[in-house]
Amino acid sequence: MLSFRKLAISSAVVLLAACGGGGSSSSDSGSSTSSSSSSSSSSSGGEFSLENARKVLNTNADIAFATYSDSVDTAKALQTAIATFKAEPTQANLDAAKIAWLVSREPYGQTEVYRFRLSPIDSTDYQNEDGPEGDINAWPLGEALIDYTVSGSDFGADQTEVSSSYPSIGYPQENIINSDVAIDDALFAAVADVGDERGVISGYHAIEFMLWGQDLNTDGSADTEDDREMSTGGNILNSGGHRPLSDFTTDANAARRMQFMEVVAAKLVADLEAVRDGWAVGSSYRTAFTTVNTETQAVNRMAEILFGMGTLSTAELAGERMQIAFSSGSQEDEHSCFSDNTHRDIWLDAEGVSNSYYGVYAGYDSDLDGTDDVTTRAVNGYGIDDYLNASGNSALDDKVSTALSVTATNYEAIDASARAGTPFDNLIMDEARTSDNPVAKTILSLTEQTLRFAEIAVAIGYDGSVVDDGATDCDTTQPDQTCD
């Protein structure tokens, strides 16, 4: 459910080349990026308000702490569901674990706007990119390294296989599940050190793969390019992969699959707790981020927010997560390819951007009906929109609100399609790839809204970019164009 503060938002318009590397942050709370702002007024002519900038920063931190806290709670609920399934491996408990996974994605998706700015998800010290994001949500997954896979037209060697050798795993004859390698934190560290881009074995998507398995045809074939399953009546559990219950009961490796999920879930909870704690009141990161004593400091901190919003909107979401899949037509390139939950990934990432702009967090959807109903940690604070209006930039606020509204209309259409029975992987098939496709429209509107974020940067007196130009090779103004 949209968490816009404004009840009426009109409609319409995204991209700016960026400075790259998420380098808009620094451990120095004084100046993290270069800015032309040093006087008491912004380049738009409006008076810069240090007090109002502090409100924006503190609200942004409040939302981060709330969303990561909800992410921890739902990850713990997923952990409990997995333990229940292990104790009593029935179809009902497998389905319950799947639902717990889907619910856990609802708050987490709204946190992704905090990436690309050296916040605790990407950095442990506000300087180096050494944070746990890769262990939490990285993809594509190295599913062939974890468990068995089926090869076919949409799941060839270039898609599912990994190229490097891994410690103690006789890949490709062996994988983690069918070998005797110890399933523990040391295994995850050893595989991560190899650095293969398809060697991801932890986080949300590792659990997703174990619960659903590959998204194959009903006959078990991986030849899905021309014939993909629809979901039955939009039923969330009748779409995506169909891993049989026997994989967890009578199969020779059933116990190892349970163990793998347990260890991954425990690591996921621990990683999320570490990120949450980085946003707690009094933590070193939050203190550094929210403590600003000069206009230059405040402008640079607000620019970090815009950099996260712009890079997520254009490079990560529109480019890496949508255009690569849309232009290739490959379901292996969709973000939640095992569960067919990609429509929610898109919605939630985009909603997180809106949350940062409006200074609100409405909570999350616990029953998967599309409406946020867990509002315990809801935040209704001071957003960038409030800052713009207070500084005499209401016309720019109108433009940004219009752009965000157009994006919302487009991603809601993707969500509605999935709920009606046509998931994302069907929307990217050859016959569906037209200019009227809501995936193409969302890519374009995400790109357009980032242009508005660039205008905000100018308005507050910041002369840098709001997009990491090294974050994608996609030209998101051309959705059907293959990304180099």
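Being a predicted model, the structure only gives us computed values, none of them experimental.

Undergrad: Let's hear about the overall build of the chain: which residues, and what values?
TA: Counting secondary structure elements, the chain contains 15 helices and 2 strands. Evaluated residue by residue, the chain yields a buried proportion of 61% over its 484 residues. Accessible surface computed for the chain: about 16,800 Å², of which carbon and sulfur atoms make up 48%.

Undergrad: Give a detailed account of the packing of helix 2 (residues 91-109) against helix 11 (residues 342-358), specifying residues and quantitative values.
TA: Contact geometry for helix 2 and helix 11: axes closest at 8 Å, N-to-C directions at 25°. When the axes of helix 2 and helix 11 are compared, the pair comes out roughly parallel. In this structure, helix 2 uses Arg105, Glu106 and Gly109 to contact helix 11, whose residues at the interface are Arg344, Asp345, Leu348 and Asp349. Tallied by class, the residues present in the contact of helix 2 with helix 11 amount to 1 nonpolar, 1 polar and 5 charged.

Undergrad: Any details on unusual backbone geometry? Residues and values, ideally.
TA: Excluding glycine, residues mostly have negative phi values, and the peptide bonds linking residues are mostly trans. The residue after Trp139, namely Pro140, is reached through a cis peptide bond having omega 0°. Considering the arrangement of structural elements, one finds Pro140 in the loop between helix 3 (133-137) and helix 4 (143-146). Residue Tyr171 is joined to Pro172 through a cis peptide bond whose omega torsion reads 10°. In this structure, Pro172 sits in the loop between helix 5 (157-160) and helix 6 (185-194). At Leu118, a position not held by glycine, the phi torsion is positive, near 60°. Tracing the chain through its elements places Leu118 in the loop between helix 2 and helix 3. One non-glycine residue, Asp340, lies in positive phi territory at about 60°. Locating Asp340 in the fold gives a position in the loop between helix 10 (295-328) and helix 11. Taking the relative accessible area as the measure of exposure, Asp340 reaches 5% and is therefore buried.

Undergrad: Describe the state of the cysteines, naming the residues involved and giving the relevant values.
TA: Taken as a whole and assessed by the stated rule, the structure comprises 1 disulfide. For Cys474, the disulfide goes to Cys483, at an S-S distance of 1.9 Å. Residues Cys474 and Cys483 are joined by a disulfide whose S-S torsion is about 105°; by sign, that bridge is right-handed. Per residue, the accessibility class of Cys474 equals that of Cys483, and both read buried.

Undergrad: Residues and numbers for helix 11, please.
TA: Compared with the 24 Å implied by 1.5 Å per residue over 17 residues, the 24 Å span of helix 11 between its first and last C-alpha is a close match. For helix 11, a buried count of 17 out of 17 residues is recorded, marking the element as mostly surrounded by other parts of the structure.

Undergrad: Tell me what's going on with the pattern of salt bridges, and back it up with residues and numbers.
TA: The full count for this structure, using the stated rule, is 29 salt bridges. Note that Asp62 is salt-bridged to Arg286, the shortest N-O span being 2.6 Å. Taken together, the residues Asp62 in helix 1 (residues 50-87) and Arg286 in helix 9 (residues 284-290) connect sequence positions 224 residues apart. Residue Asp62 is classed as partly exposed on the basis of its relative accessible area of 33%. The exposure class assigned to Arg286 is buried, which follows from its relative accessible area of 7%. Close ionic contact of Arg321 with Asp349 constitutes a salt bridge, the shortest N to O distance being 2.8 Å. Remark: Asp349 occurs in helix 11 and Arg321 occurs in helix 10; sequence separation between them is 28 residues. For the pair shown, Arg321 and Asp349 are each scored as buried. Taken together, the salt bridges that share partners define one network made up of Glu112, Arg115, Asp122, Glu133, Glu316, Arg321 and Asp349.

The rules behind these values
Residues numbered from 1 in each chain as written. Predicted model: local features only at pLDDT ≥ 70, side-chain atom pairs only at ≥ 80, totals over all residues. Heavy atoms only, no water. Helix = DSSP H or I, 4+ residues; strand = E, 2+ residues; numbered from the N terminus. Buried < 20%, exposed > 50% of the residue type's maximum accessible area, 1.4 Å probe, protein only. Areas by Shrake-Rupley, 256 points an atom, 1.4 Å probe, with all protein chains shown as cover. Axes fitted to C-alpha atoms, helices over the stretch in contact; angles between N-to-C directions. Parallel < 35°, antiparallel > 145°, perpendicular 65-115°, else oblique. Contact = heavy atoms within 4.5 Å. Nonpolar A, V, L, I, M, F, W, Y, C, P; charged D, E, K, R; others polar. Disulfide = S-S within 2.5 Å. Expected span 1.5 Å × (residues − 1). Salt bridge = Lys/Arg side-chain N within 4 Å of Asp/Glu carboxyl O.

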